[in-house]
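# Commentary on secondary and tertiary structure
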Amino acid sequence: MTHTDIAIIGGGLVGASMACALAPLISRYGLDVTVIEPSPVQHGQPQSSFDDRSSAIAYGSRRCFESLGVWKGMQEKACPITSIHVSQRGYLGVTRLSCRDTHTEALGYVIGNRWMGHVLHQRLAELPISWRCPASVQRIVPEKEGHCLTLDDGSTLNAALTVMADGGRSGLKGQLGIRDDVTPYEQYALIANVTLSTPHQGVAYERFTSEGPIALLPLQGRRMALVWTQSLEGLTRTRALSDAGFLEQLQRCFGDRVGRFVEVGQRMDYPLALRQAREQTRPYLAMLGNAAHTLHPVAGQGFNLALRGVQDLTREIQQALEQDEAIGSASVMGRFDARRQQDRDQIIRFSDGLVRLFGVEHPLLAHARGLGLIGMNLFSPARRLLTRRAMGL
Ligand SMILES: Cc1cc2nc3c(=O)[nH]c(=O)nc-3n(C[C@H](O)[C@H](O)[C@H](O)COP(=O)(O)OP(=O)(O)OC[C@H]3O[C@@H](n4cnc5c(N)ncnc54)[C@H](O)[C@@H]3O)c2cc1C
């Protein structure tokens with residue numbers, strides 16, 4: 001049985017970020033950190049578990065990446081979002097959020113998940129951590145002061161603190177009797193990169209249509225990352241379309257605001273549900289990222305929320321080390337949970353509320369939403385509040 005201070009289950013975006021965040025504590029306190037990841041990653045090589053999606057990274061997450069020492073690498077392929085344009089098709093009313101209001105160079109950035117994974121793993125390669133890969137955790141059993149993890153090669157690892165960042169689909173939470181609250185949206189996110197006939201000027205668009213919200217995020221060059229929410233029926237029809245037919249349908253639904261859509265890359269789709277672990281912590285155990293919560297991507301908040309969790313958990317671990325407390329003790333985990341609760345609840349309510357508010361097809365409600373968007377645009381304190389929320393500040 002090998003012992004480790006902190007075992008991170010999963011080296012995806014969140015697990016890798018957590019390991020990078022621990023770097024100062026590894027050097028200052030000689031912490032022993034182990035990351036376990038099944039995908040055969042070689043540091044510095046693209047990781048297969050990172051797909052072709054791109055993520056909107058809020059300005060606050062840029063600061064987090066700076067503190068992790070990975071922003072310089074991320075920045076190479078980051079496209080700044082200078083404004084966000086929110087509208088609904090067929091009705092009046094637009095809200096524009098701009099980085100001019102916040103005196104920052106951008107409201108956020110769009111970065112490919114594969115690139116983020118590559119940069120995080122390059123940083124991990126520089127750290128004195130134990131990297132168990134390819135390896136997966138098959139069994140987790142609580143012990144007196146930690147957990148015993150059994151890996152697929154039969155080896156066992158005893159961890160004083162286990163950080164569950166496995167994406168929530170491994171069944172490990174179930175082994176501990178931790179259940180999820182799940183609200184299926186009966187919607188799918190269709191994602192693809194599209195090329196435009198004209199420059200996008202760094203504008204991100206959120207357009208609510210009767211077929212579901214369409215988000216377009218600016219990428220480097222004339223490309224944009226599309227996240228199009230559809231019902232199963234709509235998705236089945238869209239999947240059957242040729243690329244030309246797809247571009248035509250997208251143009252019809254989105255309109256001409258960004259010029260013409262001229263090319264589309266590989267299309268992928270994801271079923272959407274609001275999922276939240278009923279217990280976010282237990283003594284010697286903390287959930288992060290998709291293992292803790294998966295949100296509707298309408299507001300692009302899932303990974304940003306997880307990064308704030310990474311920062312808060314790191315702070316609590318540091319405080320425990322300074323005060324000579326056990327890093328996974330019930331009081332440390334309780335403080336971490338309490339610190340996260342408000343942010344988590346607010347972001348979940350915000351994302352879920354947007355889906356529900358704009359999901360109801362009724363002309364009166366649509367006009368009311370339009371008035372809301374106009375009001376938000378005119379009333380600068382409300383607009384600034386929304387902008388700061390979008391920026392993760
Ligand atoms: C369509 C879409 C668009 C999105 N857009 C945005 C956005 O714009 N902005 C934003 O902030 N968020 C966005 N999100 C959310 C974001 O993608 C997630 O928050 C993020 O990917 C979660 O990462 P994770 O590391 O928790 O999980 P995952 O990416 O699922 O990683 C889990 C890791 O654990 C490993 N693993 C699994 N089982 C085991 C095991 N038994 N043992 C060890 N390791 C294991 C896996 O191999 C994997 O590497 C979006 C989500 C979707 C679906």
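The chain carries the name 2-octaprenyl-6-methoxyphenyl hydroxylase in an unreviewed UniProt entry, which gives Larsenimonas rhizosphaerae as its organism. Quoted verbatim from the Sequence similarities (unreviewed entry) heading of the UniProt record, the comment on the chain is "Belongs to the UbiH/COQ6 family." Per UniProt, the comment on the chain under Pathway (unreviewed entry) is "Cofactor biosynthesis; ubiquinone biosynthesis."

This part is about the environment of F261. Topologically, F261 is positioned in strand β16 (residues 261-264). Distance in space between the C-alpha atoms of F261 and L247 is 6.1 Å, their sequence separation being 14 residues.

Before going further, it helps to examine the sheet that holds strand β4 (residues 79-81). Spatial strand order, β3-β7-β4: three strands in an open sheet with antiparallel pairing. Bordering the open sheet on either side are β3 (54-58) and β4, each of which pairs with just one other strand. Taken pair by pair, the neighbouring strands of this sheet meet at an average axis angle of 30°, ignoring direction. Here β4 runs beside strand β7 (residues 108-112); their pairing, made up of three bridges, is antiparallel. Pairing of C79 across the sheet is with V110, part of β7. Together, β3 and β7 form the strand contacts of helix α3 (residues 59-68), whose direction differs from that of β3 by roughly 90°. Along the sheet face, helix α5 (residues 113-125) touches β3 and β7 and points at about 85° away from the line of β7.

What follows concerns the pairing of strand β15 (residues 223-230). Most of β15 is tucked away: seven of the eight residues are buried. Pairing of strand β14 (residues 214-218) with β15, which is carried by five bridges, proceeds in the antiparallel orientation. Residue A215 lies in a different strand from β15, and its bridge partner there is V227. Hairpin connection from β14 to β15: four residues lie between these consecutive antiparallel strands, with G221 at a positive phi of about 75°.

Criteria and thresholds
- Residues numbered from 1 in each chain as written.
- Predicted model: local features only at pLDDT ≥ 70, side-chain atom pairs only at ≥ 80, totals over all residues.
- Heavy atoms only, no water.
- UniProt positions renumbered as here; feature names shortened; annotations may be inferred.
- Helix = DSSP H or I, 4+ residues; strand = E, 2+ residues; numbered from the N terminus.
- Pairing = 2+ DSSP bridges.
- Axes fitted to C-alpha atoms, helices over the stretch in contact; angles between N-to-C directions.
- Contact = heavy atoms within 4.5 Å.
- Buried < 20%, exposed > 50% of the residue type's maximum accessible area, 1.4 Å probe, protein only.

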